[in-house]
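Close look at the chain arrangement
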Amino acid sequence: MAARPVSRMLQRVLRSSVRRCSSGAPVTQHRPGEPSRTAAEELSRRRQFLREHAVPFSAFLTDSFGRQHSYLRISLTEKCNLRCQYCMPEEGVPLTPKADLLTTEEILTLARLFVKEGVDKIRLTGGEPLIRPDVVDIVAQLHQLEGLRTIGITTNGINLARLLPQLQKAGLSAINISLDTLVPAKFEFIVRRKGFHKVMEGIHKAIELGYSPVKVNCVVMRGLNEDELLNFVALTKGLPLDVRFIEYMPFDGNKWNFKKMVSYKEMLDTLQQQWPELEKLPEEESSTAKAFKIPGFRGQVSFITSMSEHFCGTCNRLRITADGNLKVCLFGSSEVSLRDHLRAGASEEELLRIIGAAVGRKKQQHAGMFSIAQMKNRPMILIELPLMLQDSPPAIPSISSQDPFHVQGIRHRVSFSNRMSTWWKGCWVSRTPPLGQRWSNSPQRHCSSHLDSDANPKCLSAVSGAPATPSGPLPTSDQLTHVDTEGQAAMVDVGGKPDTERVAVASAVVLLGPVAFKLVQENQLKKGDALVVAQLAGVQAAKLTSQLIPLCHHVALSHVQVRLELDGARHAVGIRASCRAWGPTGVEMEALTAAAVAALTLYDMCKAVSRDIVLGEIKLLSKTGGQRGDFHRT
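Quick caveat, the model's predicted, so the values are computed rather than measured.

Now for the overall build of the protein. Counting its regular elements, the protein contains 17 helices and 21 strands. Counted over contacts in the protein with a minimum sequence separation of 6, partners at least 24 positions apart contribute 74%. With an accessible surface of roughly 29000 Å², the protein has 53% of that area assigned to carbon and sulfur atoms.

Here it is as structure tokens:
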């Protein structure tokens, strides 16, 4: 308490001989007869004065364990311009009404109060902070606060390249960019939006403008991106990056599973196998990261070990949510509304008492990974969003990178999906299929790659074993159309055929057996979510049919849907794939390929459990459009 009058007296002493220029930088008033000082000399003089007249840290921001909270994270918005598969609970996130969010003036009022009490670092978060229209002005006004040394921002990078020059001029001094994959196709699948190359452009723009290091946050999840660790580390060879691998954390709505968390020790072991010379760097005071460097590399790598090795003992962070609640612990459920007290007319002293009481209640450490997973807490997007996993992460097979940073020489695990990805670059259909909907209360798991407005919203019915019969006329040819007059294979010329809407539906069945079926049903396979991986593989395969089946024409698909449903009676998975296009040739091969590859992928996901898996009933269910009429299997 005694620190506050001394602190104010110190500010008066400093201000007595200081005026402020238009940029907000303090400048000493020159007196006649005195030699003028340069800006650097003036800054050095002020720092020396502060060192010699240091005052005790604010009691309001010191907890009962002696931790001094000098770092404040402020969420500017709950909104985001991406729609990540894992960023929100399955049922969505109800956004706070605009009237209940902090206004710009309220944000700055609280920031001034915290800085006056000793906060010297503020990080702006979201949602996505760079979609807030006045973010540059907020940074500029924060930059004017005396005693604030660092203004940082955590962003998904989509708008970074465009806004960073303005932000730098306003006073932004640190950047964290969230990026969980270096594979463009995987990025687009995860976030349901294009933008991978905008993020890359933002990272390069930050380097170009002199930010060093540029921090890249990567949440590591088993079955999604743990195979990209070496690629991320290789970026630091020629670029001043700090690649920060973050352990997957549990939050409200994310079906956190210990098996999906890749621990710090496991990640470190992977890196040391590739680079035995990896060196540990000294840990900075109150740092959340364990930092390492490979000799000769420009950048470094770090690990945020919130789960396996917490850093609660040196925590110096406080958080203000977009709706004005103070959180003293990221994993704690207790909050206090500063917004309500501010709008009720609370004085500065009253606000400080409220803040001090909340800080004083902060626990010595969080409850541990397994207890946290059972606790009620906000979804991460309503606290701040470093692209942390908030839903069961889709377990995507290992996909080789497009090498956006020209990284070479890193060994990839080769798989069928690896090779497919090299063909798949940039070829998402115009209607990117979102992750399958799943109902946790249903006795059956179901996965659908897309639901049209006119599609049946119900789950796919169990695949029938009834014999198929064609319905309606289907004129056929008495000759093979892919063989020329000399008996050589040839592609059919479709140049003279009219363009019509072509739709085809195909199906397949995978008989898993009881053991594998139960693991798929409960989503407990070590490789990850088999239904989601099979769904993704089917969508990929449909778009790549002309590269897999030699004499198929390339078709610009306008729609691909792959749906999977468990059939408990048969211990099987029924697969239904549908494709649509407008053109001179049909899409039945695309539908059949999607169904077949989805079935093969299920086999691959489950083969470690059982080799007694049967793939069958791959068939065309219907086909419409074209000169030979429609086909419907009853």
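Under the definition given, this model contains six aromatic pairs. Ring geometry for phenylalanine 292 and phenylalanine 303: centres 5.7 Å apart, planes at 80°, overall edge-to-face. Remark: phenylalanine 303 occurs in strand S11 (residues 300-304) and phenylalanine 292 occurs in strand S10 (residues 289-293); sequence separation between them is eleven residues. No difference in accessibility class separates phenylalanine 292 from phenylalanine 303, as the two residues are buried. Aromatic ring contacts, followed pair by pair, group Phe232, Phe245, Tyr264, Phe292 and Phe303 into a single cluster.

This brings us to the confidence of the model for the protein. As a note on interpretation, predicted positions should not be read in detail where pLDDT is low. Overall, the prediction assigns the protein a mean pLDDT of 76, with 66% of residues at 70 or greater. Element-level mean pLDDT values for the protein span from 33 in helix H13 (residues 416-424) up to 98 in helix H4 (residues 135-143). Counted against residues more than four places away or in other chains, residues 1-35, with its pLDDT under 50, gives 42 contacts. Here residues 385-403 is modelled with pLDDT under 50, and outside its nearest four sequence neighbours on either side it reaches 100 contacts, counting other chains as well.

The next subject is H4. Buried within H4 are the following residues: Val135, Ile138, Val139 and Leu142. Down the axis of H4, the buried set is contained in an arc of 100°. They therefore lie on one face. Looking at the buried residues of H4, the elements they touch are helix H3 (104-116), strand S4 (121-125), strand S5 (150-155) and helix H5 (160-170).

Attention now moves to the pattern of salt bridges. Scanning the model with the defined rule gives 18 salt bridges in all. One salt bridge in this structure joins aspartate 63 and arginine 67, with 2.6 Å as the shortest N-O distance. Between lysine 116 and glutamate 348 there is a salt bridge whose closest N-O contact spans 3.1 Å. Taken together, the residues span a long stretch of sequence, with lysine 116 in helix H3 and glutamate 348 in helix H11 (residues 348-360) at a distance of 232 residues. For lysine 116, a relative accessible area of 32% gives the class partly exposed. What you see here is one network of salt bridges that share partners, running through Lys186, Asp227 and Glu228.

The rules we used
- Residues numbered from 1 in each chain as written.
- Predicted model: local features only at pLDDT ≥ 70, side-chain atom pairs only at ≥ 80, totals over all residues.
- Heavy atoms only, no water.
- Helix = DSSP H or I, 4+ residues; strand = E, 2+ residues; numbered from the N terminus.
- Contact = heavy atoms within 4.5 Å.
- Areas by Shrake-Rupley, 256 points an atom, 1.4 Å probe, with all protein chains shown as cover.
- Phe/Tyr/Trp six-rings, centres within 6.5 Å; stacked < 30°, edge-to-face > 60°.
- Buried < 20%, exposed > 50% of the residue type's maximum accessible area, 1.4 Å probe, protein only.
- pLDDT = per-residue confidence, 0-100.
- Arc of directions from axis to C-beta.
- Salt bridge = Lys/Arg side-chain N within 4 Å of Asp/Glu carboxyl O.

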